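Each chain, written out:
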Amino acid sequence: NNQAAAAEIWQNGLQQTVDAIAAKFYLPSWFMNHTLGRLFNYMATQAMSLDGDVGPNGSNLCKHWKGDDRCMFIACAEQDKVIGLVGVKKGAKEQEAASDDDASIASIWRLSVSEAYRGQGVAEKLMLEAEKWAKENQCHSMTLNTMNPIASKFYIHKMKYTANVSCTYTKQLE
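Note that the structure is a prediction, hence the values are computed from the model and not measured. (Residues numbered from 1 in each chain as written. Predicted model: local features only at pLDDT ≥ 70, side-chain atom pairs only at ≥ 80, totals over all residues. Heavy atoms only, no water.)

Some remarks on the pairing of strand S3 (residues 105-113)
Right, so step 1: The element S3 is largely enclosed, with a buried count of 7 among its 9 residues.
Right, so step 2: Of the pairings in the sheet, the one linking strand S2 (residues 82-90) to S3 comprises 6 bridges and is antiparallel in character. Bridged to lysine 90 within S3 is alanine 106.
Right, so step 3: Bridging between S3 and strand S4 (residues 141-145) involves 3 bridges; their strand directions are parallel. What sits directly across from alanine 106, in S4, is methionine 142. (Buried < 20%, exposed > 50% of the residue type's maximum accessible area, 1.4 Å probe, protein only. Helix = DSSP H or I, 4+ residues; strand = E, 2+ residues; numbered from the N terminus. Pairing = 2+ DSSP bridges.)

Remarks on the sheet that holds strand S5 (residues 162-163)
Right, so step 1: One open sheet holds the 6 strands; their spatial order is S1-S2-S3-S4-S6-S5, and the pairing between them is mixed. What marks the edges here is a single partner per strand, and that holds for strand S1 (70-76) and S5.
Right, so step 2: As defined by bridge partners, S5 adjoins strand S6 (residues 168-172) across 2 bridges and the pair is classed as antiparallel. Looking across to S6, one finds that threonine 162 is bridged to threonine 170.
Right, so step 3: Contacts between helix H5 (residues 122-136) and the sheet are confined to S1, S2, S3, S4 and S6, with S3 contributing the most and set at about 160° to the helix. (Contact = heavy atoms within 4.5 Å. Axes fitted to C-alpha atoms, helices over the stretch in contact; angles between N-to-C directions.)

Some thoughts on the nonpolar core
Right, so step 1: Judged by nonpolar contacts, the single largest core of 27 residues is most densely connected at Val88, Ile108, Met127, Met142 and Tyr161.
Right, so step 2: Every element with two or more residues in this core is listed here: S1, S2, S3, H5, S4 and helix H6 (149-158).
Right, so step 3: Per-element accounting of this core gives the leading share, 7 residues, to H5.
Right, so step 4: Of all hydrophobic cores here, the second largest spans 19 residues; its members include Trp10, Leu14, Val18 and Leu36. (Core = buried A, V, L, I, M, F, W, Y, C linked by side-chain atoms within 4.5 Å.)

Comments concerning the packing of H5 against H6
Right, so step 1: Two numbers describe how H5 lies on H6: the axes approach to 12 Å, and their chain directions differ by 60°. In terms of orientation, H5 lies oblique with respect to H6. Where H5 crosses over H6, the two elements pack in a sense that is right-handed. On H6, the residues that touch Ala123, Glu124 and Met127 of H5 are Phe154, Tyr155 and Lys158.
Right, so step 2: Here the contact of H5 with H6 is composed, by residue class, of 4 nonpolar, no polar and 2 charged. (Parallel < 35°, antiparallel > 145°, perpendicular 65-115°, else oblique. Left-handed = near helix turned anticlockwise from the far one by under 90°. Nonpolar A, V, L, I, M, F, W, Y, C, P; charged D, E, K, R; others polar.)

Let's talk about the packing of aromatic side chains
Right, so step 1: Overall, the coordinates contain 3 aromatic pairs when judged by the stated rule.
Right, so step 2: A network of ring pairs unites the aromatic residues Phe154, Tyr155, Tyr161 and Tyr169 as a single cluster.
Right, so step 3: Note that arginine 70 overlies the ring of tryptophan 65, its terminal NZ or CZ placed 5.8 Å from the centroid. (Phe/Tyr/Trp six-rings, centres within 6.5 Å; stacked < 30°, edge-to-face > 60°. Lys NZ or Arg CZ within 6 Å of the ring centre and 35° of its normal.)

Set out below in C-alpha cells:
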C-alpha cells in the first residue's frame, strides 16, 4: 500500500531529526528519546490518529492533501515503490486555510525521503515540484519549519532558503 509506505517514510524522517539533533549537539540517545523524542512521538501520534492528516497507515494522506489549496507529491521508484513525499499548501499554518495575510505564501509539510534514497536528488525534485505548484497557485514565497540540522543544510545550500527565526526557513519564488 503506497499510503502506508509514505506514512512509514515520514515517521522515519522524524526519527532522523531526533538522531541528527543528538549527533550535532553530542547528546546521548537516552536524553533525546526522553525529551525531543517524546515531542516527535506526540507529533507522530497526532498526525497518524484517525483525524490526523496522515491517518493510520497513511489512510488520510489523499483526503487531507487533496484540495484547491494544497497538494501532496509522492516520489516513486521502480514498480511504483514510494521513496519520498512532500505536502505543500497555501498559507503558513498546516491545519488552517490561508488567510488574506498569508494567501501569497505557500508552506512545506512532511518532506521525507526513504533512507535508501537519501542523497540521490529525490528531496530536491520533490521541493522543485512543490515550488512549481506554489507558483502556479499565485504564491510568491515559500516557508517551512524544521529542527533537523541535516534538512537545514539541504534547504539553505541546495534549495537556497534563508534561515529566519528559530527553525523557520523562507524563499522568494521567482
